[in-house]
Amino acid sequence: MNSSTVSASPIEDFKHRVELRQIKVGIIGLGYVGLPLALLYIEQKFSVTGFDIDERKISTLREGGSYIYRIEAADIKQARSQGFDATSDYARIQQMDVVIICVPTPLNEYHEPDLSYITNTAHAIAPNLRAGQLVVLESTTYPGTTEEVLVPILEKENKAGLKAARGESSADNSFFVAFSPEREDPGNTTVARRDIPKVVGGLNPNASEITAAVYGAIFNQVVRVSSPAAAEMTKLLENIYRCVNIALVNELKMLSLRMGLDIWEVIAAASTKPFGFHPFYPGPGLGGHCIPVDPFYLSWKAKEWDFRTRFIELAGEINTNMPYFVLESVAKALNQHKKSLNGSKVLVLGVAYKKDIDDLRESPALTIIELLQKDGAEVSYHDPFFPVVGKGRKYDLQMKRTPLENLAQYDCVLIVTDHSEYDYPWIVKESQLVVDTRNATRGIQDTKIVHC
(Lines give C-alpha, C1' and ligand atoms only; values in the text may rest on other atoms or scores of the structure.)
Protein backbone atom coordinates (compact mmCIF):
# COMPACT_ATOMS: atom_id res chain seq x y z
CA MET A 1 0.00 0.00 0.00
CA ASN A 2 1.59 3.28 -1.05
CA SER A 3 1.61 6.51 1.01
CA SER A 4 -0.99 8.29 -1.14
CA THR A 5 -3.45 5.45 -0.56
CA VAL A 6 -2.82 5.58 3.17
CA SER A 7 -3.29 9.37 3.38
CA ALA A 8 -6.52 9.20 1.39
CA SER A 9 -8.01 6.28 3.31
CA PRO A 10 -9.95 8.18 6.02
CA ILE A 11 -11.83 10.19 3.39
CA GLU A 12 -12.36 7.23 1.11
CA ASP A 13 -13.53 5.18 4.07
CA PHE A 14 -16.07 7.87 5.02
CA LYS A 15 -17.38 8.01 1.43
CA HIS A 16 -17.56 4.22 1.32
CA ARG A 17 -19.63 4.15 4.49
CA VAL A 18 -21.95 6.75 2.94
CA GLU A 19 -22.44 4.47 -0.05
CA LEU A 20 -23.23 1.56 2.26
CA ARG A 21 -25.63 3.72 4.33
CA GLN A 22 -23.55 3.04 7.43
CA ILE A 23 -23.17 6.61 8.64
CA LYS A 24 -25.49 8.12 11.22
CA VAL A 25 -27.01 11.49 10.42
CA GLY A 26 -28.06 13.97 13.10
CA ILE A 27 -30.22 16.93 12.11
CA ILE A 28 -30.57 19.84 14.53
CA GLY A 29 -33.73 21.92 14.11
CA LEU A 30 -36.82 19.98 13.06
CA GLY A 31 -38.74 22.76 11.36
CA TYR A 32 -39.60 23.52 7.74
CA VAL A 33 -36.02 22.74 6.64
CA GLY A 34 -34.76 20.10 9.04
CA LEU A 35 -37.72 17.71 9.08
CA PRO A 36 -38.05 17.37 5.27
CA LEU A 37 -34.28 16.85 5.10
CA ALA A 38 -34.50 14.09 7.70
CA LEU A 39 -37.20 12.35 5.66
CA LEU A 40 -35.04 12.51 2.52
CA TYR A 41 -32.22 10.72 4.31
CA ILE A 42 -34.58 8.14 5.77
CA GLU A 43 -35.99 7.43 2.30
CA GLN A 44 -32.44 6.58 1.27
CA LYS A 45 -32.03 4.12 4.17
CA PHE A 46 -29.83 6.26 6.43
CA SER A 47 -30.01 6.15 10.22
CA VAL A 48 -31.34 9.56 11.25
CA THR A 49 -31.78 11.24 14.62
CA GLY A 50 -33.46 14.62 14.89
CA PHE A 51 -32.55 17.13 17.59
CA ASP A 52 -34.67 20.03 18.80
CA ILE A 53 -35.17 22.07 21.95
CA ASP A 54 -38.95 22.16 21.43
CA GLU A 55 -40.33 19.29 23.50
CA ARG A 56 -43.70 19.63 21.78
CA LYS A 57 -42.11 18.75 18.44
CA ILE A 58 -40.19 15.87 19.99
CA SER A 59 -43.30 14.32 21.54
CA THR A 60 -45.36 14.82 18.38
CA LEU A 61 -42.78 13.06 16.23
CA ARG A 62 -42.30 10.23 18.71
CA GLU A 63 -46.05 9.68 18.69
CA GLY A 64 -46.01 9.46 14.90
CA GLY A 65 -47.62 12.86 14.33
CA SER A 66 -46.74 15.88 12.22
CA TYR A 67 -46.90 19.62 12.90
CA ILE A 68 -46.19 20.68 9.31
CA TYR A 69 -49.17 20.68 6.96
CA ARG A 70 -47.41 19.34 3.87
CA ILE A 71 -45.82 16.46 5.85
CA GLU A 72 -48.42 13.83 6.67
CA ALA A 73 -48.51 11.82 9.87
CA ALA A 74 -48.18 8.70 7.72
CA ASP A 75 -44.75 9.94 6.57
CA ILE A 76 -43.62 10.27 10.18
CA LYS A 77 -44.99 6.85 11.13
CA GLN A 78 -43.14 5.33 8.19
CA ALA A 79 -39.94 7.11 9.22
CA ARG A 80 -40.35 5.90 12.80
CA SER A 81 -40.72 2.33 11.55
CA GLN A 82 -37.36 2.79 9.80
CA GLY A 83 -35.62 3.91 12.99
CA PHE A 84 -36.09 7.69 12.94
CA ASP A 85 -35.97 9.18 16.42
CA ALA A 86 -36.26 12.71 17.78
CA THR A 87 -34.64 13.94 20.96
CA SER A 88 -33.58 16.97 22.95
CA ASP A 89 -30.60 15.08 24.41
CA TYR A 90 -27.57 16.64 22.74
CA ALA A 91 -25.24 14.08 24.34
CA ARG A 92 -26.38 11.79 21.53
CA ILE A 93 -24.46 14.00 19.10
CA GLN A 94 -21.45 11.79 19.96
CA GLN A 95 -23.12 8.90 18.14
CA MET A 96 -23.52 10.84 14.89
CA ASP A 97 -21.11 10.81 11.95
CA VAL A 98 -22.74 13.86 10.35
CA VAL A 99 -24.35 16.77 12.19
CA ILE A 100 -26.47 19.12 10.07
CA ILE A 101 -27.62 22.41 11.61
CA CYS A 102 -30.98 23.76 10.40
CA VAL A 103 -31.87 26.41 12.98
CA PRO A 104 -33.51 29.84 12.47
CA THR A 105 -31.50 32.99 11.72
CA PRO A 106 -33.94 35.88 12.31
CA LEU A 107 -33.32 39.59 12.68
CA ASN A 108 -33.40 41.42 15.99
CA GLU A 109 -35.48 44.53 16.65
CA TYR A 110 -32.80 46.68 15.01
CA HIS A 111 -32.79 44.60 11.80
CA GLU A 112 -29.41 43.14 12.71
CA PRO A 113 -28.53 39.42 12.45
CA ASP A 114 -29.62 37.31 15.40
CA LEU A 115 -27.20 34.38 15.47
CA SER A 116 -28.24 33.18 18.92
CA TYR A 117 -29.76 29.96 17.53
CA ILE A 118 -26.50 29.12 15.77
CA THR A 119 -24.29 29.98 18.74
CA ASN A 120 -26.52 28.13 21.22
CA THR A 121 -26.46 25.10 18.95
CA ALA A 122 -22.67 25.29 18.64
CA HIS A 123 -22.36 25.41 22.44
CA ALA A 124 -24.55 22.31 22.65
CA ILE A 125 -22.60 20.40 19.98
CA ALA A 126 -19.06 21.23 21.10
CA PRO A 127 -18.85 19.15 24.33
CA ASN A 128 -20.10 16.14 22.38
CA LEU A 129 -17.87 16.54 19.33
CA ARG A 130 -15.55 13.72 18.36
CA ALA A 131 -12.78 13.31 15.81
CA GLY A 132 -13.82 12.59 12.22
CA GLN A 133 -17.31 14.05 12.47
CA LEU A 134 -18.70 16.33 9.79
CA VAL A 135 -20.61 19.44 10.92
CA VAL A 136 -22.64 21.23 8.24
CA LEU A 137 -24.42 24.54 8.73
CA GLU A 138 -27.51 25.07 6.52
CA SER A 139 -28.99 28.14 8.23
CA THR A 140 -29.02 31.21 5.99
CA THR A 141 -26.51 33.77 7.19
CA TYR A 142 -23.88 36.29 6.13
CA PRO A 143 -20.58 35.24 4.51
CA GLY A 144 -18.08 34.34 7.20
CA THR A 145 -20.46 32.96 9.82
CA THR A 146 -19.27 29.37 9.52
CA GLU A 147 -15.60 30.26 9.91
CA GLU A 148 -15.92 33.25 12.25
CA VAL A 149 -18.75 32.15 14.57
CA LEU A 150 -19.40 28.40 14.36
CA VAL A 151 -15.87 26.98 14.09
CA PRO A 152 -14.31 28.97 16.99
CA ILE A 153 -16.99 27.74 19.41
CA LEU A 154 -16.59 24.14 18.29
CA GLU A 155 -12.80 24.32 18.57
CA LYS A 156 -12.73 26.07 21.93
CA GLU A 157 -15.38 24.05 23.74
CA ASN A 158 -14.83 20.46 22.62
CA LYS A 159 -13.30 18.20 25.27
CA ALA A 160 -10.63 16.52 23.14
CA GLY A 161 -8.77 19.56 21.84
CA LEU A 162 -9.97 18.91 18.30
CA LYS A 163 -9.45 21.41 15.49
CA ALA A 164 -11.44 21.93 12.29
CA ALA A 165 -9.64 20.38 9.32
CA ARG A 166 -7.95 23.04 7.19
CA GLY A 167 -5.65 22.89 4.20
CA GLU A 168 -5.05 19.26 3.25
CA SER A 169 -5.70 17.99 6.75
CA SER A 170 -7.66 14.85 7.52
CA ALA A 171 -5.83 14.15 10.76
CA ASP A 172 -7.18 11.98 13.56
CA ASN A 173 -7.45 14.99 15.90
CA SER A 174 -9.74 17.04 13.65
CA PHE A 175 -13.36 17.35 12.57
CA PHE A 176 -14.77 18.56 9.25
CA VAL A 177 -16.90 21.65 8.64
CA ALA A 178 -18.93 22.87 5.67
CA PHE A 179 -21.76 25.19 4.74
CA SER A 180 -24.60 24.08 2.46
CA PRO A 181 -27.52 26.49 2.10
CA GLU A 182 -31.03 25.12 2.41
CA ARG A 183 -33.21 25.64 -0.65
CA GLU A 184 -36.64 24.78 0.72
CA ASP A 185 -39.64 26.36 -0.98
CA PRO A 186 -42.72 25.60 1.16
CA GLY A 187 -45.74 24.75 -0.92
CA ASN A 188 -43.78 24.11 -4.11
CA THR A 189 -44.96 20.80 -5.55
CA THR A 190 -43.56 21.28 -9.06
CA VAL A 191 -39.93 20.46 -8.23
CA ALA A 192 -39.02 17.35 -6.24
CA ARG A 193 -36.60 18.05 -3.41
CA ARG A 194 -34.12 15.55 -4.86
CA ASP A 195 -34.00 17.59 -8.08
CA ILE A 196 -32.94 20.84 -6.36
CA PRO A 197 -29.14 21.09 -6.79
CA LYS A 198 -27.26 21.22 -3.47
CA VAL A 199 -24.49 23.79 -3.08
CA VAL A 200 -21.66 22.81 -0.72
CA GLY A 201 -18.58 24.68 0.47
CA GLY A 202 -16.14 22.93 2.79
CA LEU A 203 -13.57 24.48 5.09
CA ASN A 204 -10.99 22.40 3.25
CA PRO A 205 -11.04 20.07 0.18
CA ASN A 206 -11.58 16.96 2.30
CA ALA A 207 -14.57 18.57 4.00
CA SER A 208 -16.01 19.43 0.59
CA GLU A 209 -15.37 15.88 -0.61
CA ILE A 210 -17.25 14.12 2.18
CA THR A 211 -20.01 16.77 2.29
CA ALA A 212 -20.59 16.26 -1.44
CA ALA A 213 -20.82 12.52 -0.81
CA VAL A 214 -23.28 12.94 2.08
CA TYR A 215 -25.60 15.18 0.07
CA GLY A 216 -25.02 13.36 -3.20
CA ALA A 217 -26.69 10.35 -1.63
CA ILE A 218 -30.04 12.19 -1.48
CA PHE A 219 -29.78 14.94 -4.13
CA ASN A 220 -29.36 14.35 -7.85
CA GLN A 221 -26.81 17.13 -8.27
CA VAL A 222 -24.22 18.63 -5.93
CA VAL A 223 -22.52 21.92 -6.80
CA ARG A 224 -19.20 22.54 -5.06
CA VAL A 225 -17.89 26.02 -4.36
CA SER A 226 -14.50 27.03 -2.99
CA SER A 227 -15.37 27.86 0.62
CA PRO A 228 -18.14 28.11 3.22
CA ALA A 229 -18.25 31.88 2.62
CA ALA A 230 -18.85 31.37 -1.11
CA ALA A 231 -21.73 29.00 -0.29
CA GLU A 232 -23.14 31.51 2.22
CA MET A 233 -22.97 34.28 -0.37
CA THR A 234 -24.65 32.04 -2.95
CA LYS A 235 -27.73 31.71 -0.77
CA LEU A 236 -27.87 35.46 -0.17
CA LEU A 237 -27.59 36.19 -3.89
CA GLU A 238 -30.49 33.86 -4.66
CA ASN A 239 -32.80 35.55 -2.19
CA ILE A 240 -31.64 39.13 -2.73
CA TYR A 241 -32.25 38.62 -6.44
CA ARG A 242 -35.87 37.84 -5.61
CA CYS A 243 -36.15 40.63 -3.04
CA VAL A 244 -34.92 43.28 -5.48
CA ASN A 245 -37.18 42.15 -8.31
CA ILE A 246 -40.23 41.93 -6.05
CA ALA A 247 -39.49 45.45 -4.84
CA LEU A 248 -39.36 46.57 -8.46
CA VAL A 249 -42.79 45.18 -9.30
CA ASN A 250 -44.22 46.46 -6.02
CA GLU A 251 -43.09 49.96 -6.93
CA LEU A 252 -44.41 49.58 -10.47
CA LYS A 253 -47.72 48.34 -9.05
CA MET A 254 -48.13 51.50 -6.99
CA LEU A 255 -47.34 53.63 -10.03
CA SER A 256 -49.66 51.59 -12.25
CA LEU A 257 -52.55 52.07 -9.83
CA ARG A 258 -52.12 55.84 -10.06
CA MET A 259 -51.96 55.61 -13.85
CA GLY A 260 -55.04 53.39 -14.06
CA LEU A 261 -53.08 50.44 -15.39
CA ASP A 262 -53.32 46.76 -14.40
CA ILE A 263 -49.80 45.68 -13.40
CA TRP A 264 -50.83 42.01 -13.60
CA GLU A 265 -51.83 42.45 -17.22
CA VAL A 266 -48.52 44.17 -17.89
CA ILE A 267 -46.50 41.39 -16.25
CA ALA A 268 -48.43 38.74 -18.19
CA ALA A 269 -47.70 40.54 -21.46
CA ALA A 270 -44.02 41.01 -20.64
CA SER A 271 -43.78 37.31 -19.75
CA THR A 272 -44.45 36.38 -23.38
CA LYS A 273 -40.92 37.52 -24.23
CA PRO A 274 -38.90 34.29 -24.62
CA PHE A 275 -35.64 35.79 -23.37
CA GLY A 276 -34.34 38.45 -20.99
CA PHE A 277 -37.40 38.58 -18.71
CA HIS A 278 -38.47 36.55 -15.69
CA PRO A 279 -41.81 37.42 -14.05
CA PHE A 280 -42.06 38.49 -10.41
CA TYR A 281 -45.32 39.45 -8.76
CA PRO A 282 -46.35 42.22 -6.35
CA GLY A 283 -48.04 41.66 -3.03
CA PRO A 284 -48.78 43.07 0.43
CA GLY A 285 -45.19 42.64 1.61
CA LEU A 286 -42.57 39.93 1.91
CA GLY A 287 -42.86 36.86 4.09
CA GLY A 288 -41.02 33.65 4.81
CA HIS A 289 -37.76 32.84 6.52
CA CYS A 290 -35.44 34.15 3.79
CA ILE A 291 -36.41 37.00 1.48
CA PRO A 292 -37.49 39.53 4.16
CA VAL A 293 -34.38 38.72 6.23
CA ASP A 294 -31.40 37.87 4.03
CA PRO A 295 -30.79 41.30 2.45
CA PHE A 296 -30.32 42.78 5.92
CA TYR A 297 -27.76 40.11 6.78
CA LEU A 298 -25.60 41.16 3.86
CA SER A 299 -26.14 44.88 4.43
CA TRP A 300 -25.03 44.45 8.02
CA LYS A 301 -21.92 42.47 7.05
CA ALA A 302 -21.03 44.93 4.28
CA LYS A 303 -20.47 47.67 6.87
CA GLU A 304 -17.46 45.72 8.12
CA TRP A 305 -15.91 46.39 4.72
CA ASP A 306 -16.92 50.07 4.70
CA PHE A 307 -19.43 49.34 1.95
CA ARG A 308 -23.07 50.35 1.75
CA THR A 309 -25.44 48.14 -0.22
CA ARG A 310 -27.69 50.97 -1.34
CA PHE A 311 -29.56 49.03 -4.01
CA ILE A 312 -30.39 46.20 -1.59
CA GLU A 313 -31.37 48.59 1.20
CA LEU A 314 -33.74 50.47 -1.12
CA ALA A 315 -35.41 47.22 -2.15
CA GLY A 316 -35.79 46.27 1.51
CA GLU A 317 -37.31 49.66 2.28
CA ILE A 318 -39.89 49.34 -0.51
CA ASN A 319 -40.93 45.83 0.52
CA THR A 320 -41.04 46.71 4.23
CA ASN A 321 -43.39 49.60 3.48
CA MET A 322 -45.92 47.52 1.54
CA PRO A 323 -48.12 46.70 4.60
CA TYR A 324 -48.43 50.46 5.16
CA PHE A 325 -49.53 50.86 1.55
CA VAL A 326 -52.19 48.21 2.16
CA LEU A 327 -53.36 50.10 5.25
CA GLU A 328 -53.68 53.32 3.25
CA SER A 329 -55.54 51.48 0.49
CA VAL A 330 -58.07 50.01 2.94
CA ALA A 331 -58.62 53.42 4.55
CA LYS A 332 -59.11 55.04 1.14
CA ALA A 333 -61.50 52.30 -0.03
CA LEU A 334 -63.58 52.65 3.13
CA ASN A 335 -63.60 56.40 2.70
CA GLN A 336 -65.10 55.95 -0.76
CA HIS A 337 -67.92 54.09 1.00
CA LYS A 338 -68.27 57.01 3.43
CA LYS A 339 -66.80 55.00 6.30
CA SER A 340 -63.84 55.58 8.57
CA LEU A 341 -61.20 52.94 9.22
CA ASN A 342 -61.55 53.72 12.91
CA GLY A 343 -64.46 51.57 14.08
CA SER A 344 -64.83 49.59 10.86
CA LYS A 345 -65.08 45.80 10.89
CA VAL A 346 -62.36 44.27 8.71
CA LEU A 347 -61.98 40.58 7.86
CA VAL A 348 -58.47 39.57 6.80
CA LEU A 349 -58.44 36.55 4.50
CA GLY A 350 -55.21 34.59 4.83
CA VAL A 351 -52.43 35.06 7.35
CA ALA A 352 -49.83 32.60 5.96
CA TYR A 353 -46.99 34.34 4.16
CA LYS A 354 -47.99 32.71 0.86
CA LYS A 355 -50.82 30.61 -0.53
CA ASP A 356 -51.59 27.05 0.52
CA ILE A 357 -48.98 26.68 3.28
CA ASP A 358 -49.08 26.65 7.08
CA ASP A 359 -46.20 29.08 7.59
CA LEU A 360 -46.48 32.38 9.47
CA ARG A 361 -42.82 33.36 9.45
CA GLU A 362 -42.43 37.08 8.71
CA SER A 363 -45.92 37.13 7.19
CA PRO A 364 -47.01 40.63 6.14
CA ALA A 365 -50.54 39.74 7.28
CA LEU A 366 -49.42 39.97 10.91
CA THR A 367 -48.09 43.49 10.42
CA ILE A 368 -51.23 44.49 8.51
CA ILE A 369 -53.48 43.23 11.31
CA GLU A 370 -51.48 45.16 13.89
CA LEU A 371 -51.61 48.34 11.79
CA LEU A 372 -55.36 48.02 11.29
CA GLN A 373 -55.91 47.50 15.01
CA LYS A 374 -53.69 50.46 15.86
CA ASP A 375 -55.86 52.69 13.67
CA GLY A 376 -59.02 51.55 15.44
CA ALA A 377 -60.35 48.84 13.14
CA GLU A 378 -62.13 45.81 14.58
CA VAL A 379 -60.15 43.01 12.92
CA SER A 380 -61.04 39.36 12.43
CA TYR A 381 -59.23 36.81 10.31
CA HIS A 382 -59.77 33.56 8.49
CA ASP A 383 -57.13 31.13 7.29
CA PRO A 384 -57.74 27.42 6.65
CA PHE A 385 -54.32 26.54 8.09
CA PHE A 386 -54.46 28.51 11.35
CA PRO A 387 -57.29 28.04 13.88
CA VAL A 388 -55.43 30.43 16.19
CA VAL A 389 -52.73 33.06 15.86
CA GLY A 390 -51.01 33.49 19.19
CA LYS A 391 -47.61 34.85 20.10
CA GLY A 392 -44.48 34.85 17.96
CA ARG A 393 -41.07 36.52 18.03
CA LYS A 394 -42.49 39.79 16.73
CA TYR A 395 -46.22 39.63 17.39
CA ASP A 396 -48.72 38.80 20.10
CA LEU A 397 -52.18 38.82 18.51
CA GLN A 398 -53.97 36.07 20.47
CA MET A 399 -56.73 35.75 17.88
CA LYS A 400 -59.03 32.88 16.95
CA ARG A 401 -60.12 32.13 13.42
CA THR A 402 -63.56 33.43 12.58
CA PRO A 403 -65.93 31.34 10.42
CA LEU A 404 -66.10 32.28 6.75
CA GLU A 405 -69.76 33.21 6.80
CA ASN A 406 -72.03 36.25 6.89
CA LEU A 407 -69.44 38.36 5.06
CA ALA A 408 -71.91 41.23 4.75
CA GLN A 409 -71.33 42.05 8.43
CA TYR A 410 -67.83 43.33 7.59
CA ASP A 411 -67.20 46.78 6.22
CA CYS A 412 -64.22 45.39 4.31
CA VAL A 413 -62.90 41.96 3.37
CA LEU A 414 -59.15 42.19 2.83
CA ILE A 415 -57.48 39.45 0.78
CA VAL A 416 -53.89 39.14 2.01
CA THR A 417 -53.13 35.50 1.16
CA ASP A 418 -54.77 33.98 -1.91
CA HIS A 419 -55.37 30.41 -0.71
CA SER A 420 -56.69 28.13 -3.45
CA GLU A 421 -59.63 26.85 -1.43
CA TYR A 422 -61.31 30.25 -1.23
CA ASP A 423 -64.34 30.74 -3.48
CA TYR A 424 -63.56 34.24 -4.68
CA PRO A 425 -66.72 34.84 -6.76
CA TRP A 426 -68.78 33.94 -3.69
CA ILE A 427 -66.63 36.14 -1.45
CA VAL A 428 -67.13 39.12 -3.75
CA LYS A 429 -70.87 38.46 -4.04
CA GLU A 430 -71.36 38.26 -0.25
CA SER A 431 -69.12 41.18 0.75
CA GLN A 432 -69.76 44.91 0.93
CA LEU A 433 -66.19 45.78 -0.09
CA VAL A 434 -63.22 43.62 -1.14
CA VAL A 435 -59.66 44.93 -1.12
CA ASP A 436 -57.47 42.52 -3.07
CA THR A 437 -53.69 42.59 -2.57
CA ARG A 438 -52.97 39.42 -4.60
CA ASN A 439 -55.08 39.71 -7.76
CA ALA A 440 -57.09 36.78 -6.42
CA THR A 441 -60.28 38.25 -7.93
CA ARG A 442 -58.88 38.46 -11.48
CA GLY A 443 -61.59 38.01 -14.07
CA ILE A 444 -64.36 39.05 -11.67
CA GLN A 445 -66.04 42.29 -12.68
CA ASP A 446 -67.60 44.07 -9.71
CA THR A 447 -67.44 47.62 -8.38
CA LYS A 448 -66.98 46.20 -4.87
CA ILE A 449 -63.41 45.15 -5.74
CA VAL A 450 -60.47 47.46 -5.05
CA HIS A 451 -57.01 46.31 -6.10
CA CYS A 452 -53.97 47.40 -4.15
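Data block above holds the structure.
Residues numbered from 1 in each chain as written. Predicted model: local features only at pLDDT ≥ 70, side-chain atom pairs only at ≥ 80, totals over all residues. Heavy atoms only, no water.

1. With respect to the sheet that holds strand β11 (residues 378-382)
Note the following rule: By definition, two strands form a pair when at least two bridges between them are found by DSSP. Numbered from the N terminus, helices here are DSSP runs of H or I no shorter than four residues, and strands are runs of E no shorter than two. Where helices are involved, their axes are fitted lines through C-alpha atoms of the stretch in contact, as for all axes, and angles between N-to-C directions lie from 0 to 180°. Contact definition: two residues touch when any of their heavy atoms are within 4.5 Å.
Across the sheet, five strands lie side by side as β11-β10-β14-β15-β16; this open sheet has parallel pairing. At either margin of the open sheet sits one strand with a lone partner, and together these are β11 and β16 (449-451). Adjacent strand axes in the sheet meet at a mean angle of 25°, parallel and antiparallel pairs treated alike. With three bridges joining them, strand β15 (residues 434-436) and β16 adopt parallel strand pairing. Looking across to β16, one finds that Val-435 is bridged to Val-450. Packed onto the sheet, helix α12 (residues 322-336) meets β14 (412-415), β15 and β16 and runs at close to 150° relative to β14. Helix α13 (residues 364-374) contacts β10 (345-349), β11 and β14 of the sheet and is inclined by roughly 155° relative to β11.

2. Re the packing of aromatic side chains
As a reminder of what qualifies: Pairing of aromatic side chains requires ring centres within 6.5 Å, counting the rings of Phe and Tyr and the six-membered ring of Trp. Pairs whose planes differ by under 30 degrees are stacked, by over 60 edge-to-face, and all others tilted. Using a 1.4 Å probe on the protein chains alone, a residue whose accessible area is under 20% of its type maximum counts as buried, one over 50% counts as exposed, and one in between counts as partly exposed. The criterion for a charge sitting over a ring is simple: Lys NZ or Arg CZ within 6 Å of the ring centre, and within 35 degrees of the ring normal.
One pass over the full model with this rule turns up nine aromatic pairs. Plain terms: the ring middles of Tyr-241 and Phe-280 are 5.5 Å apart, the flat faces sit at 75° to each other, and that makes the pair edge-to-face. Taken together, the residues Tyr-241 in helix α8 (residues 228-259) and Phe-280 in the loop between α9 (263-270) and α10 (294-302) connect sequence positions 39 residues apart. We classify Tyr-241 as partly exposed; its relative accessible area is 43%. On the numbers, 6.0 Å between centres and 80° between planes, the contact of Tyr-422 with Tyr-424 is edge-to-face. Three or more aromatic residues joined by ring pairs make a cluster, and in this case those are Tyr-142, Tyr-297 and Trp-300. Over the ring of Tyr-67 we find Arg-56; its NZ or CZ atom is 5.7 Å from the centre of that ring. Above the plane of the ring of Tyr-410 lies Lys-345, whose end atom (NZ or CZ) is 5.6 Å from the centre.

3. Regarding the environment of Ile-218
As for its position among the elements, Ile-218 is in the loop between α7 (205-216) and β9 (222-224). Taking the C-alpha atoms as reference points, Ile-218 and Arg-308, 90 residues apart in sequence, are found 39 Å from one another.

4. A few points about the pairing of β10
Rules: For the handedness criterion, the strands are oriented away from the viewer, and a crossover whose path from the first strand over the helix to the second runs clockwise is classed as right-handed.
Across the five residues of β10, four count as buried, placing the element largely inside the fold. The pairing of β10 with β11 spans five bridges and is parallel. Along β11, the bridge assignment pairs Val-346 with Val-379. You can see the chain leave β10, run along α13 and come back into β11, and the turn it takes is right-handed.

5. Things to note about the side chain of Thr-119
By secondary structure assignment, the location of Thr-119 is in helix α5 (residues 116-125). Sequence-distant contacts of Thr-119, defined by excluding residues within four places in its chain, comprise Val-149 and Ile-153.

6. Side note on the pairing of strand β13 (residues 396-400)
Side chains Leu-397 and Met-399 project from β13 onto a buried face, and the interleaved Asp-396, Gln-398 and Lys-400 project onto a face without burial. Relative to β13, strand β12 (residues 388-391) is paired through three bridges, and the arrangement is antiparallel. Directly across from Val-388, in β13, lies its bridge partner Lys-400.

7. Focus: the side chain of Asp-358
Rules: Neither His nor the chain ends is counted toward charge; the positive residues are Lys and Arg and the negative residues Asp and Glu. Any Lys or Arg side-chain nitrogen located within 4 Å of an Asp or Glu carboxyl oxygen qualifies as a salt bridge. Distance and chemistry together define a polar contact, namely a pair of N or O atoms within 3.5 Å, with one atom able to donate a hydrogen and the other to accept it when in protein, and with adjacent residues in sequence counting only for side-chain atoms on both sides.
Structurally, the position occupied by Asp-358 is in the loop between β10 and α13. Summary of buried charges: Asp-358 has no salt-bridge partner, and the nearest side chain of opposite charge, Arg-70, is 5.6 Å away. At a separation of 2.7 Å, a polar atom in the side chain of Asp-358 contacts the main-chain amide nitrogen of Tyr-69. The contact partners of Asp-358, leaving out residues within four places of it in the chain, are Tyr-32, Tyr-67, Ile-68, Tyr-69, Phe-385 and Phe-386.

8. Some words on the pattern of salt bridges
Across all of its chains, the model carries 22 salt bridges by this definition. Note that Glu-209 is salt-bridged to Lys-15, the shortest N-O span being 2.5 Å. Taken as a pair, Glu-209 in helix α7 and Lys-15 in helix α1 (residues 3-19) lie far apart in primary sequence, 194 residues in all. Taking relative accessible area as the criterion, Glu-209 reaches 23% and is therefore assigned partly exposed. The shortest N-O distance in the salt bridge between Asp-54 and Arg-56 comes to 3.8 Å. Residue class for Arg-56 comes out partly exposed when judged on its relative accessible area of 48%. Via salt bridges that share partners, Glu-12, Lys-15, Glu-209 and Arg-224 belong to a single interconnected network.

9. Looking at the nonpolar core
To be explicit about the condition: In these notes, a set of buried Ala, Val, Leu, Ile, Met, Phe, Trp, Tyr and Cys residues joined through side-chain atoms within 4.5 Å is what counts as a nonpolar core.
Among the nonpolar cores identified, the biggest contains 44 residues, and Ile-27, Leu-37, Tyr-41, Phe-46, Val-48 and Ile-100 are the most heavily contacted of them. Ranked by the residues each element gives to this core, the list is headed by helix α2 (residues 34-43), at seven residues. Excluding anything up to four places from it in sequence, Phe-46 contacts Val-18, Arg-21, Ile-23, Val-25, Tyr-41, Ala-217 and Ile-218. Core analysis: the second largest hydrophobic core is formed by 36 residues, Leu-341, Val-346, Phe-386 and Val-435 among them.

10. Brief notes about the packing of helix α6 (residues 145-157) against α8
Using the following cut-off: Each residue is assigned to one class: nonpolar for Ala, Val, Leu, Ile, Met, Phe, Trp, Tyr, Cys and Pro, charged for Asp, Glu, Lys and Arg, and polar for all the others, Gly among them.
At a minimum axis separation of 8 Å, α6 and α8 run at an interaxial angle of 115°. Contacts from Thr-145, Thr-146 and Glu-147 of α6 reach α8 at Pro-228, Ala-229 and Glu-232. Across the contact of α6 with α8, the residue classes break down as two nonpolar, two polar and two charged.

In short, the description is geometric, and any link to function would need to be established separately.
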